[in-house]
Amino acid sequence: MAEKDRAIIEKILYSIKKSDLPKGASMPSRFFKPGEDKAKYFTKAIKHYAPNARMDEIIFVEDFSLNGKGKNSLMFTTEGFASDDIHKNAKRISCPIKYTDLTHISRKDSIYITLHYRNGQEITVYPGIFRDYIRVAVNRIIEALTGEAIPQPETENRSAGESAAPKAAPGPRPEAELQSGEAQALLEKLAQQQAEMEKLKAQLAALQSQSASGAGPIPEPESAPEPEPEPEPEPEPTAEEAFSKALDLYFGKTGAEDKTQAARWFARAAEQGHGKAAFDLAVMYANGEGGLPKDEEQYLFWMEKSAQAGDASAQNSLAVAYDLGRHGASVDKEKAIYWYEQAVAQSNAAAQFNLGLSYQNGDGVTQDRDKALELFRKAAEQGHEDAKKKVEEYEAQAAEAAKAAPEPEPTAAEAFSRARSFYFGENGPEDKTQAARWFARAAEQGHGEAAFDLAVMHIKGEGGLAEDEGQYLFWMEKSARAGYASAQNSLAVAYDLGEHGASVDKEKAIHWYEQAVAQGNANAQFNLGLSYQDGDGVPQDRDKALELFRKAAEQGHEKAKKKVEEYEARAAEAAKVAPAPKPETKPAPKHPEKAAAPRAYDRRKNNIMVAVFGSPGVGKTTLLSALSRYFSEQFPDCGNCFKTREEIIAEQIKGGSQRDQEMEIQHEAYFLDLEDNDMHYTFVEVPSDAQYFKNGLVGMYGADVGLFVYSPYNEDPIMSVFPRMALSADIPSIIPFRNDFPVEPDGNFDKLVEDYITSILSDYDYHDVEHAYGSPVTGDGMREIIDLIRSTVQPKEVSLDRPLVMAVQRVRRTESGEALAMGMVFAGELRPGDPVWIYGYRAEPLEAVAEEIRIGDKITDQAFSGDHVSVRLTGVRKEDLRVGQMMVAPGRTMPGSGKLTRRLSASVHVFTREEGGRHTPFFNGYTPHMILGHAKTAATIRLLNVDEVPFITPGSSFSAELELEKPVIVKPWMRITMWDNGTLFAAGQVTDVE
């Protein structure tokens with residue numbers, strides 16, 4: 001752009017005053033010159049409209065009065081002129097418009113701006129709130145650059161034969177800007193007015209002469225009629241008014257049909273967001289009506305506008321276009337299903353039928369004929385003929401299937417009832433052969449009492465069954481595992497005494513006695529009492545034995561009654577001969593807190609953190625209890641660290657879990673510290689409920705190895721979410737553990753499940769995994785787990801030469817009210833008395849002092865990288881601490897390459913419905929929750945190419961800018977995870993940090 005031309009454009013843009021414009025016209029509220037920051041919003045428009053122009057050749061005019069969004073704009077370049085919303089209407093404005101091609105721009109009516117070309121072509125531009133300013137500015141620019149006068153268009157409402165007199169340009173203009181053509185026109189007009197004045201003077205002189213000669217009074221000259229004031233422009237019709245007028249014109253309700261005008265009014269209503277008008281306009285483009293060309297691109301554009309405005313018919317039509325690849329649309333089953341579902345939500349019959357076809361054929365969705373029939377029924381109820389036929393077909397098929405269907409398999413309870421009827425002859429003669437058959441059918445379905453009776457029949461050889469101790473033990477264990485107390489006691493007796501082919505196994509015997517006692521079984525109470533009385537399989541404890549005998553006696557157990565009598569008689573005899581013992585009194589310690597001081601942590605031991613995760617109900621809590629039993633029995637250093645499953649659940653409830661219909665829902669990660677002779681272990685049980693995955697991610701961050709617990713008979717469609725969580729938490733390796741309780745291993749089936757687990761782990765870069773097997777209930781396989789952990793975890797590098805970096809993963813309050821921060825030390829060293837700074841969730845760091853450091857329940861005078869510790873802090877309140885903060889050495893600005901920020905760029909992949917992710921797309925500005933390392937926060941997604949990709953569908957990847965709710969510490973290439981409404985739907989990495 002020549003400097004002279006540029007100066008002219010700038011002068012004109014800045015010189016137009018409010019008084020230059022017609023009454024009620026608007027002006028831009030702000031101008032932007034080249035080089036200002038706001039110019040970056042037009043980068044894409046420049047590349048599209050003026051690819052050869054330089055930034056210093058461009059002038060922008062932007063208006064900020066529309067909710068502060070600044071979408072109305074002008075752009076002048078050497079390659080042309082672009083007007084109004086240059087982002088939104090990129091496909092509908094023919095740009096650039098050359099200066100030499102443009103002769104006039106004016107207000108065609110009260111809303112539209114029309115560009116008139118020399119060749120007679122007209123292009124209507126999307127309206128702007130300062131259209132009169134545009135008209136004045138462009139007219140003056142064209143005149144200044146071309147030296148040509150701008151002829152004015154004819155007015156629309158002139159009568160036939162009326163001349164099209166040009167209107168004067170609005171607003172006064174400096175005399176120096178008048179061109180020669182305009183001056184000549186003014187001179188000619190002045191000469192014409194003078195000629196008319198001379199003619200009027202001559203007529204007046206003639207009339208005066210006539211009056212002097214007695215011809216009568218001189219008539220008063222007729223005054224020229226005053227020009228009528230220009231009517232005020234009609235107010236802009238609403239979208240509903242414009243749509244109503246379009247319908248009248250289309251169907252000729254108030255006169256002759258005029259589809260050309262109808263198309264124009266449909267467009268005016270559609271531009272204001274009227275969904276039905278946009279639908280009708282799309283149909284007119286598809287049919288080429290009203291002077292519109294057949295244009296598939298315009299059809300899709302307006303049909304999508306209508307669908308987004310909520311019109312159900314448009315949503316169905318758009319879905320059909322994507323479903324079948326019609327009207328220029330590419331086949332996209334995901335978009336088709338999305339729009340079908342939107343229309344179905346509004347009870348659109350056509351969409352119900354079409355979505356039903358998709359479910360019937362498995363086209364774009366998982367095949368589901370029941371769902372298809374449900375949709376067909378809903379469409380048929382609204383009179384959809386094709387849907388009625390489909391319902392009839394389904395009902396006919398169901399009738400045929402019902403005729404050929406075999407008798408339904410009886411339930412376990414029904415089979416057990418039939419078995420007892422045959423066994424005891426309740427409805428006829430006894431038939432123990434049939435009884436054995438029905439006991440087996442019930443037992444195979446998991447009926448505990450049926451399995452018990454079948455085991456008894458096997459040991460007695462009844463019902464045609466051979467006496468088989470192996471079958472006895474097999475079905476008795478099935479019954480015990482199903483929770484039948486009598487079977488648990490009988491199985492315990494077999495292991496206790498080595499009966500029925502079982503080898504003596506006191507540990508299994510005690511386990512099954514305890515299971516039966518927990519259900520109040522009197523025989524088990526008596527038998528376990530004998531074990532405690534004699535110290536058989538358990539430490540001798542006569543008080544415990546008497547307690548169990550009393551409980552059995554209360555239920556009428558005769559042998560237990562005799563045992564209670566014996567104990568009471570011995571106690572009475574002992575009381576007669578023994579002197580009354582003096583109560584032993586011990587002085588209270590002067591310093592009780594010193595008396596209860598914790599043991600010191602052996603600094604020579606390595607510290608290993610193990611994340612335990614898996615689907616609900618696979619036995620994670622039971623596994624922790626079994627591990628604590630194993631450590632308590634095998635390693636003196638662990639002390640009395642055994643915790644029952646009930647004790648662990650009670651601690652979880654205290655720490656943030658709840659019970660719901662007898663199901664434990666774990667809210668937060670649970671930490672259990674165990675140790676052997678040369679290693680310390682922190683086991684972290686991760687919540688498996690989808691609502692609390694985020695807390696699991698925070699708790700497992702920094703773990704050395706993951707223990708993936710699964711069961712061959714636990715069907716979980718989103719099992720893959722757990723290795724995905726492990727990958728997001730930077731866990732280097734995973735050990736899969738197969739829980740063989742409560743079902744006996746099945747070699748072929750278990751191998752299939754094992755291969756499936758291996759393939760899932762391989763999908764997330766966990767290769768060459770080694771599986772562990774066992775039963776937490778019986779305690780089998782615990783040693784193998786520990787051996788695998790020790791062989792998998794590599795020795796850690798202790799980086800004492802680097803400054804302290806510790807992640808805050810849990811926050812608690814001590815009994816004395818002091819703050820307690822727990823988490824992983826990633827670098828450096830921390831000692832009691834060291835000052836620390838705490839970064840995150842606020843602009844300035846918190847300053848505190850580490851008063852006491854513990855690893856598990858043991859106190860230590862030193863913590864370094866790899867340790868999972870709890871630190872008692874002074875100088876800071878518990879309310880100021882947050883999960884996700886970082887504790888660092890004083891004076892350090894930030895740990896490593898991290899930055900405390902609220903803005904970052906990321907590359908993200910969205911999981912599909914089959915992967916346990918979202919079912920629907922999301923749009924720009926979506927605000928899910930997010931995990932960055934061990935920090936939790938909400939984040940708003942700003943899509944980088946929102947004009948080209950306005951929404952993100954499941955299964956796709958995208959780049960975006962993320963605006964965090966609170967400042968947290970972020971490092972480049974840190975893994976991020978997103979979730980919403982309990983769904984872990986996306987994962988990715990940080991690419992840049994502002």
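Caption draft 1: Just the pattern of salt bridges, in detail. Under the defined criterion, the tally for this structure stands at 33 salt bridges. Asp311 is the partner of Lys276 in a salt bridge, and the nearest nitrogen-oxygen pair spans 3.3 Å. Taken as a pair, Lys276 in helix α7 (residues 275-287) and Asp311 in the loop between α8 (296-308) and α9 (312-324) lie far apart in primary sequence, 35 residues in all. Residue classification places Lys276 among the partly exposed positions, given a relative accessible area of 48%. Close ionic contact of Glu829 with Arg831 constitutes a salt bridge, the shortest N to O distance being 2.8 Å. Take Arg831: its relative accessible area is 37%, and that puts it in the partly exposed class. Three or more residues are tied together by salt bridges with common partners; here these are Lys605, Asp637, Glu675 and Lys858.

Caption draft 2: Geometry of the pairing of strand β18 (residues 819-827). The buried fraction of β18 amounts to 8 of the 9 residues, a majority that puts the element mostly inside the structure. Relative to β18, strand β16 (residues 805-807) runs antiparallel, the two being bridged by 2 bridges. Note that in β18 the partner of Met806 across the bridge is Val825. Here strand β17 (residues 810-813) runs beside β18; their pairing, made up of 4 bridges, is antiparallel. Pairing of Arg810 across the sheet is with Met822, part of β18. Linking two consecutive strands that pair antiparallel, namely β17 and β18, is a turn of 5 residues; a positive phi of about 95° is found at Gly817 within it. Note: β18 against strand β24 (residues 868-874), 6 bridges, orientation antiparallel.

Caption draft 3: Main features of the packing of α9 against helix α11 (residues 349-361). Viewed as axis vectors pointing N to C, α9 and α11 meet at an angle of 30°, and their least axial separation amounts to 10 Å. On the basis of their axis angle, the class for α9 and α11 is roughly parallel. Here the hand of the crossing between α9 and α11 comes out left-handed. For the pair formed by α9 and α11, the contact residues are Asn316, Val320 and Asp323 on the first element and Ala350, Ala351, Asn354 and Ser358 on the second. Taken together, the residues that form the contact of α9 with α11 break down as 3 nonpolar, 3 polar and 1 charged.

Caption draft 4: Molecular detail of the state of the cysteines. Tallied over the entire structure, the rule returns 1 disulfide. The residue that forms a disulfide with Cys638 is Cys641, at a sulfur-sulfur distance of 2.1 Å. Handedness here is read from the sign of the S-S torsion; for Cys638 and Cys641, about 115°, the answer is right-handed. Cys641 carries the same exposure label as Cys638, and that label is buried.

Caption draft 5: Molecular detail of the environment of Asp280. Inspection of the secondary structure assignment puts Asp280 in helix α7. Along the chain, Asp280 and Phe243 lie 37 residues apart, while their C-alpha atoms are 9.7 Å from each other.

Caption draft 6: Here's a closer look at the pairing of strand β31 (residues 957-970). Of the pairings in the sheet, the one linking strand β26 (residues 899-910) to β31 comprises 10 bridges and is antiparallel in character. Bridge assignment links Thr901 to a residue of β31, and that residue is Val968. Looking at chain direction, strand β29 (residues 935-943) and β31 are connected through 5 bridges and run antiparallel. Pairing of Ala939 across the sheet is with Leu964, part of β31.

Caption draft 7: How the structure looks around helix α20 (residues 522-534). Counted at 1.5 Å a residue, the expected span for α20 with its 13 residues is 18 Å, and the 19 Å between its end C-alpha atoms agrees. Counted residue by residue, α20 has 10 buried out of 13 residues, so it is predominantly covered. Measuring from the backbone nitrogen of Asn523 back to the side-chain oxygen at the start of α20 gives 3.2 Å, which picks out Asn521 as the cap. Count one or two residues on from α20 and you reach Gly535, which has phi positive near 65°.

Caption draft 8: Geometry of the packing of helix α14 (residues 412-424) against helix α15 (residues 432-444). Where α14 contacts α15, the two axes come as close as 8 Å, and the packing angle between them is 160°. Here α14 is positioned roughly antiparallel relative to α15, judged by the angle of their axes. The two elements α14 and α15 cross, and the hand of that crossing is left-handed. On α15, the residues that touch Ala412, Ala415, Phe416, Arg418, Ala419, Arg420, Phe422 and Tyr423 of α14 are Lys432, Gln434, Ala435, Trp438, Phe439, Arg441 and Ala442. Class assignment of the residues belonging to the contact of α14 with α15 gives a composition of 10 nonpolar, 1 polar and 4 charged.

Caption draft 9: Focus on the sheet that holds strand β14 (residues 734-739). Strand order in this open sheet of 6 strands is β11-β12-β8-β13-β14-β15, and the pairing throughout is mixed. Pairing within the sheet leaves two strands with one partner each, and these edge strands are β11 (670-675) and β15 (772-774). For this sheet the average axis-to-axis angle between neighbouring strands, irrespective of direction, equals 25°. As paired strands, β14 and β15 are joined by 3 bridges and run parallel to one another.

Calculation notes
Residues numbered from 1 in each chain as written. Predicted model: local features only at pLDDT ≥ 70, side-chain atom pairs only at ≥ 80, totals over all residues. Heavy atoms only, no water. Salt bridge = Lys/Arg side-chain N within 4 Å of Asp/Glu carboxyl O. Helix = DSSP H or I, 4+ residues; strand = E, 2+ residues; numbered from the N terminus. Buried < 20%, exposed > 50% of the residue type's maximum accessible area, 1.4 Å probe, protein only. Pairing = 2+ DSSP bridges. Axes fitted to C-alpha atoms, helices over the stretch in contact; angles between N-to-C directions. Parallel < 35°, antiparallel > 145°, perpendicular 65-115°, else oblique. Left-handed = near helix turned anticlockwise from the far one by under 90°. Contact = heavy atoms within 4.5 Å. Nonpolar A, V, L, I, M, F, W, Y, C, P; charged D, E, K, R; others polar. Disulfide = S-S within 2.5 Å. Expected span 1.5 Å × (residues − 1). Polar contact = N/O pair within 3.5 Å; in protein donor to acceptor, adjacent residues only side chain to side chain.

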